[in-house]
Every structure is written in C-alpha cells, then in structure tokens.
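# Coordinate analysis (summary)
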Amino acid sequence: MRNRPTAGRARLALAVAVVLGGGALTALPAQAAPAADGLTVQYRTSASGATADQTEPWLKVRNTGSSTVQLSQVKIRYYFKADAPNTSYRFACSWAVRGCSAVTGTFGTLSNPTATADRYLEVGFTSAAGTLAPGADTGDLQLRFYQSNWQTLRQSDDYSFDGARTSYGDWDKVTAQLAGATVWGTAPEGNDPTDPTDPTDPPGGGQTLFDDFDYGSHTDPALSAHGWSVRSNSGGPGVPGATWDPSKVTFASAGGNSVMNLETSTAGTGASTTQTEVLTKSMKFRNGTYAARVRFSDAPKSGPDGDHLVQTFFTINDLKAPMADDYAEYDFEYLPNGGWGEPSNILYTTSWETYNPDPWQAVNQHSEQRSSYAGWHDLVVTIDDSAITYYVDGQLFGTHGAQYLPERPMSINFNQWLIDLNGQTSTTPRAYDQQVDYVLHVKDQVLTPAEVAAKIAGYRAAGTGFVDEVPAS
C-alpha cells in the first residue's frame, strides 16, 4: 500500500490486511424491499441483417405506472447467443436523448443457456439520467455492441433480435427491472433476472467465495484455513511508525449475524497508532462480482474525533515494477473526516491501471460522493470484459472504462488506517471501528445488487457460513 496524492487525494495500494477490535456493535438494518411499478420497453434495430459488424438495438423506456421513476433504478436486458464460447463484446452508445454519458452497458452470462441466448447486454442509467414521469419515455437510446476483435457476428439466432423491426414498437423479448424487480418482458426460459440463484450452483458456472465471518477470534484456526490472513507485518499505508495489530480484529454477533470488527486507534503519535487489515492469502480473483456489507463510522467509539481515517473494501494485486501495466486495484474508500485535501467526509471508488511510487505518477479513474456514509452499506463492484461498475446500496455509483480491466488475479481485502495525524493533534487516546457482515465473490459472473442480496439470503437460509469454490489461479 502507499500514500499518494491524486486530484487532491492520497491512497493505499500494495499491502493488504484487516483487523477487528472490540466495541459496541450495532444491529444490522433491514434491507429495503424492491419497489415495483410499470415500465414498457420499445425496440427497433438499425442493423437488420442476419449478420452484421455490430448489433444495434435501439430502445425507448416508457413509464406506464402512476409514480415517477428514478432511471438509476432501471435495468434493461437484451439477450443474445455468443458467436463462440470465449467471445468477448464491447458496448457503445451512439446517441441518447438523456446523454450517452448517463447510459451504461455491461455483459452477463445466463445461468440456463438456451438455443437462442447464453449472454445478455444489461443497459442501465447513472443518476445523471434523472427521472421518468408517469406517461413519459426516455427518447432514443441508440445502442450497439460488437465483438472485441471486430469479427462479423451472427444476430439472426439471438433471442432479442428481430430484423423486421425497423420502427419502434413494444418488444417483450427484452426485460426491464425496476429496483431489482422484473416489470416488463419475458427472459429466455429459466432465466428470469429476479429469480434467486441457488447458492450451491452459481449462475453461469461461476465458482463462489462466501464468508459470513463467523469466527471466535483472530487466532481461530478456521480463519486461516478458510484462506484469510490477518496482517501483523510493518509498512504502509498509513502513519509512519504505526503497527498493524491482529488482536484488534474481533468477531461478535450483531442483528442476528456474525460481524467482523476492525479497530484502529491512536494517541496522536506514530508509535501509539495501531491499524488493522484482513486479506485473502491467495491472489485468485479476477473478473466477476465482488460484494460486502460494511459499516462505516463517522465518529470514534471513544476519544476525540477528527482523525484522517480510511475505511476500505478492495481487491488488488502487486506492482511488479513502476508503471507495470499488469497491476490492478479496485477500491471502496471512505474518509469520514476528510483527508487528501478533502475537508470532510467523502466516499471514493477507484479503478487502477498502474502507478509509479517515486516520483508519484498514477493512471486511474475514480468516482466520489461528498456526504456521510456512516452506517451499514451494501458495496458491489462488477468486472467483465468491458467495464468496472460500482454500486452502493443498490444504486450505481460509478462506471470505469475498459483500459482499467485487470490482467492478473487479485486478493480481496479490508483495512482501516490513518492517512496522517494532522486532522486531530490531541494526545488523548481514541479508537475507531469498521465492521464487516459478509463478503462474496462470484467468478466470471456479473450479478445485479438484487441478485447479490438473493444469493446471500439463500446461503443464510441454508445455514451456510462459508464456501470457497474459486480455483487457485
């Protein structure tokens, strides 16, 4: 890990670890049920041939319900048959009334392939797309996708394609979801987007890591046997002279679930500062879905407030050499008291291509939101062959480009550390908690936040506290 200024911020990267400390553990809030309302999707194509250089589904979404819809809660799926099992695709928006920058496109693999569909393009919207009033539609979404190698593709055997539709009309072979509930269309048989996934049979054949963090302590033999390392070695990121204390990683019950707690404390000097980190011992995770339920804290559990703290969930591999192009890192980082030039609380998501530690040079893309994120949050990041997409509490937080995709597998990590001691100069001891309810990874499968929630519910209903099917890389 490293400290680094980038657009007014510095951050972590090379080391990885997590530690949990004692303290009052608050109950997990109930997750809100998805709302349902009426949507209709209209479709036409501007590339009507049996084969084409690219598939061009043009879409309009109409609100047929009685209440205004946040477009950021809408997902549309267009289903198709891959031209070959290992074919990868790229998404593009040619033009959109709401603006192409407000439209996202990611690809997924169906759990039950049919003769006409084994993949889907999922189209979504950022918060910049705004709302859709009752009776209104989005206007044109002139979309396209193509093979990454630009080979001719066959679309005549695609479930959602109809070459005869050269003007807009209702089309139920695309589906629309609103807040995770399907409200329009019929998916290929056995592939309803809102069907819960059998937790022992991940969709698309993707192997799963799930951990409910039900352990006795940081010395519990099961913690290591399940592939976790609790950091004790010295080094960055954080305050020079600080130590990483495994004993401050603890476990307790909260809201009916087992929770991992990471405690970080200081009395205003490097020698008095202890930080915590937990990470997987294996670097075997690459494309797919990563999810965790994390409780961020704005205030210390004891002592004066104000330290420049970083609370995280991320995945990372090692930098082989300065500016090495096979480096990768994907972060959620919450700064409850600011830091890196920020005056107050801010949440970052950052996708890394590479960096040079000295002199500092970074190639990354980040999204941020300047507001309090104190409390429990569902964090999801998906990585496919076209983009990295971040969600917070089911809402799209940021989409980052294909140039930041990983070339090598990574580890999964949580940590809590101090950027510096400038935010609070007191020598009175203080301690901060970050808590983790669960972690999930599904290899090579892009899940929606609703599908993540269904999968976690399935594991817990079955009494499953740990699964690791992900093969070593």
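Preceding this section is the structure that the text describes.
Before going into details, it helps to say that this report is about the structure given with it. Quick caveat: nothing in here was measured; it's all calculated off a predicted structure.

Here we take up the overall build of the chain. In terms of helices and strands, the chain carries two helices and 31 strands. Each of the 473 residues in the chain was classed as buried or not, and the buried ones make up 56%. Counting contacts in the chain only where the partners sit at least 6 residues apart, residues at least 24 apart contribute 75% of the total. As displayed, the chain offers around 17000 Å² of accessible surface, 48% of which is attributable to carbon and sulfur atoms.

What follows is about the sheet that holds strand β8 (residues 119-125). Taken in spatial order, the five strands of this open sheet run β7-β8-β5-β13-β14, and their pairing is antiparallel. This sheet does not close on itself; its edge strands, each paired only once, are β7 (103-109) and β14 (181-184). Across the sheet, the mean angle separating the axes of adjacent strands is 30 degrees when strand polarity is ignored. One ladder, built from five bridges, connects strand β5 (residues 74-80) with strand β13 (residues 174-178); its direction is antiparallel. Within β13, the residue paired with R77 across the bridge is T175.

It is worth spelling out the packing of aromatic side chains at this point. What the rule picks out here adds up to 28 aromatic pairs. With a centroid separation of 5.0 Å and 15 degrees between ring planes, the pair formed by F313 and F414 is classed as stacked. Note that F313 is positioned in strand β22 (residues 308-316) and F414 in strand β29 (residues 411-420), a separation of 101 residues in sequence. Accessibility classification places F313 together with F414 in one group, the buried group. Taking the centre distance of 6.1 Å and the plane angle of 75 degrees together, the rings of Y334 and Y373 count as edge-to-face. Remark: Y373 occurs in the loop between β25 (360-369) and β26 (375-383) and Y334 occurs in strand β23 (residues 329-335); sequence separation between them is 39 residues. Each member of the pair, Y334 together with Y373, is buried. Joined through ring pairs, the aromatic side chains of Y43, Y78, F80, Y89, F107, F145 and W171 make up one cluster. In this structure, R77 packs its charged tip against the face of Y120, placed 3.9 Å from the ring centre. The ring of Y159 is capped by K173, whose NZ or CZ atom sits 5.2 Å from the centre of that ring.

For the rest of this paragraph, the subject is the sheet that holds strand β6 (residues 89-96). Here we have five strands laid out as an open sheet, ordered β6-β10-β3-β1-β12, and antiparallel in their pairing. The open sheet has two free edges, formed respectively by β6 and β12 (169-170), since each of these has just one partner strand. For strand β1 (residues 39-45) and strand β3 (residues 57-63), the ladder comprises seven bridges, and the chain directions are antiparallel. Residue pairing in the sheet places L39 in a bridge with N63 of β3.

Of note, the bond from G236 into P237 is cis; its omega dihedral lies within 30 degrees of zero at 5 degrees. Checked against the element boundaries, P237 lands in the loop between β16 (228-230) and β17 (243-244). Phi is positive for F213, close to 55 degrees, though the residue is something other than glycine. For F213, the position within the fold is in the loop between β15 (208-211) and α1 (221-225).

So, about the pattern of salt bridges. Under the definition given, this model contains 20 salt bridges. Note that K301 and E263 form a salt bridge whose closest N and O atoms lie 2.6 Å from each other. Of the two residues, K301 sits in the loop between β21 (288-296) and β22 while E263 sits in strand β19 (residues 257-266), which places them 38 residues apart along the sequence. With relative accessibility at 36%, the residue K301 sits in the partly exposed group. Via salt bridges that share partners, K248, E263, K301 and D433 belong to a single interconnected network.

Moving on: the side chain of N356. As for its position among the elements, N356 is in strand β24 (residues 346-357). Classification of N356 as buried rests on a relative accessible area of 12%. In this structure the side chain of N356 is engaged in a polar contact, spanning 3.4 Å, whose partner is the backbone nitrogen of D358. The contact partners of N356, leaving out residues within four places of it in the chain, are P322, M323 and Q361.

Reading the values: rules and limits
Residues numbered from 1 in each chain as written. Predicted model: local features only at pLDDT ≥ 70, side-chain atom pairs only at ≥ 80, totals over all residues. Heavy atoms only, no water. Helix = DSSP H or I, 4+ residues; strand = E, 2+ residues; numbered from the N terminus. Buried < 20%, exposed > 50% of the residue type's maximum accessible area, 1.4 Å probe, protein only. Contact = heavy atoms within 4.5 Å. Areas by Shrake-Rupley, 256 points an atom, 1.4 Å probe, with all protein chains shown as cover. Pairing = 2+ DSSP bridges. Axes fitted to C-alpha atoms, helices over the stretch in contact; angles between N-to-C directions. Phe/Tyr/Trp six-rings, centres within 6.5 Å; stacked < 30°, edge-to-face > 60°. Lys NZ or Arg CZ within 6 Å of the ring centre and 35° of its normal. Salt bridge = Lys/Arg side-chain N within 4 Å of Asp/Glu carboxyl O. Polar contact = N/O pair within 3.5 Å; in protein donor to acceptor, adjacent residues only side chain to side chain.

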